[in-house]
Amino acid sequence: MIHQEVKALFPLIGGRVDLVANNKIQYDSNISSSSTDPSSDLIYKLAPGFQFTMDQGLVGVELESNIELGRFADNEVLNYENLVLSALIKYPLVRESPLDISMGADFNENSRPNPIISERVETQTLRLNTGLRYKFLPIFGAGIDYSFSQTNSLIPNSGVSLSDVDQHSIRTSINYEYSELLGFDITYRFRQNEISANQRDAQSILDSERMTGVDHAIIVGARGSLTSLLDGNVDLGVFRRDLNDGMGAKYGFLSSTNLVWHAIPELTDISLSLIADTTPTPVNDSIISKNLRVAVTQTFNPFLSAEIMARWGITDYTTIMAGDSPRKDYTYGLGLSFFVTFNEYMTLSTMLNHIWMDTNSGGGFQRTVFDLSLDTRY
């Protein structure tokens, strides 16, 4: 990678403004992740926007906005204009301060295939979060975070009834700094999940009420440089889920782990990601998912790098049935990407992904996606 200072387009009230744009041409062999009627298309995406950053004394501000325009060559009814907004405030900008406070908000619209209903769905998601960290001893500290998210799903072309999902989350943690490069923590997380159904659909209302509830989790984590060549974070824990379905509490494995092994420093990196959790969905279900991703990134020179990726996932459903058993999906993926960094203002990338899903509910699907993308900054 090239590490050079990028000049801002122009200064503003003590900060800097950068104009950014992503231009992408995408071929998708199955635009709806359908098992019965796969439809391919060529999609052109343009996402212009701006980024504003400011360090004003002890306060840091980051603002970002862009709009993604998606145009389908054949399925013009799926054309979209998606808005993305985000804001972050940090205090104080002092490395050795015992107190850290952050507040953030983001709003994004998204258009993508939903493999549960085999159809493209448009969603609008609002997230609010605030966090406070306080170091009461040189090596011990504590933190508390509160976040809220609201996801609204627009009715797809088939008219399938989709629900809105609200989630309140509180996390409290105790932190221990083993060294300047490595820290440990233990966290308790409480989440309240509410699914709000379409009021014109009596069955949807009943299902959404059953899947509304809370979950508790205990998580033990480590982050930083685990060894001289291995860094990232390991967060492992267990959750207890209590829903209004009258079925009693359910327990499961939780992970938010991301590790990078610098096999050949500055040349070859091997990364691993393991994400596992329980999640409410717009289809009136509360799923339990586990997703593993392994990738090898090779840097050939300061301008060219490549990545090969494999991933695997399993999703267990609560209410959606496949015969006498709950639905269970297995997802697999392989990918190859190349990145060309011309300079600090322009990056070209290509990506080829093949995804397939096996399920005990229907025939699953296969999907191949090829992207050619150009990122620019002014």
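Residues numbered from 1 in each chain as written. Predicted model: local features only at pLDDT ≥ 70, side-chain atom pairs only at ≥ 80, totals over all residues. Heavy atoms only, no water.

Observations concerning unusual backbone geometry
Selection criterion: Numbering of helices and strands runs from the N terminus; a helix is a DSSP stretch of H or I covering at least four residues, while a strand is a stretch of E covering at least two. Think of it in three bands: residues with accessible area under 20% of the maximum for their type are buried, residues over 50% are exposed, and the middle band is partly exposed, with areas taken using a 1.4 Å probe on protein chains only.
The step from Tyr-91 to Pro-92 runs through a cis peptide bond, and the omega angle for that step is -10 degrees. Locating Pro-92 in the fold gives a position in the loop between strand E5 (80-91) and strand E6 (99-114). Phi at Ser-33 takes a positive value of approximately 50 degrees, unusual for a residue other than glycine. Note on placement: Ser-33 falls in the loop between strand E2 (15-28) and strand E3 (41-56). Residue classification places Ser-33 among the buried positions, given a relative accessible area of 3%.

Digging into helix H1 (residues 202-211)
Put simply, the rule is: It is the directions from the helix axis to the C-beta atoms whose arc is reported. Two residues form a contact once any of their heavy atoms are found within 4.5 Å.
Among all positions in H1, only Ser-204, Asp-207, Ser-208 and Met-211 are buried. Relative to the axis of H1, the buried residues are bounded by an arc of 100 degrees and lie together on one face. In this fold, the buried residues of H1 make contact with strand E10 (182-196), strand E11 (213-225), strand E12 (230-243), strand E15 (285-301) and strand E16 (304-322).

Considerations on the environment of Asp-28
Relative to the elements of secondary structure, Asp-28 occurs in strand E2. Here the alpha-carbon distance between Asp-28 and Asp-41, two residues 13 residues apart in the chain, equals 5.6 Å. Those residues in contact with Asp-28 that sit more than four places away from it in its chain are Ser-39, Ser-40, Asp-41, Ile-43, Arg-120, Arg-367, Thr-368 and Val-369.

Some details on the pattern of salt bridges
Any two side chains of opposite charge can pair, on the condition that their charged atoms come close. Selection criterion: One speaks of a salt bridge when a side-chain nitrogen belonging to Lys or Arg is within 4 Å of a carboxyl oxygen belonging to Asp or Glu.
Under the definition given, this model contains 20 salt bridges. For Asp-18, the salt bridge goes to Arg-16, with nearest N and O atoms at 3.0 Å. Judged by relative accessible area, Asp-18 falls into the buried class, the value being 3%. Arg-16 gets classed as partly exposed once you look at its relative accessible area, which sits at 25%. The residue Arg-240 makes a salt bridge to Asp-242 at a minimum N-O spacing of 3.0 Å. Beyond isolated ion pairs, a larger network of salt bridges with shared partners links Arg-189, Arg-191, Asp-215 and Asp-277.

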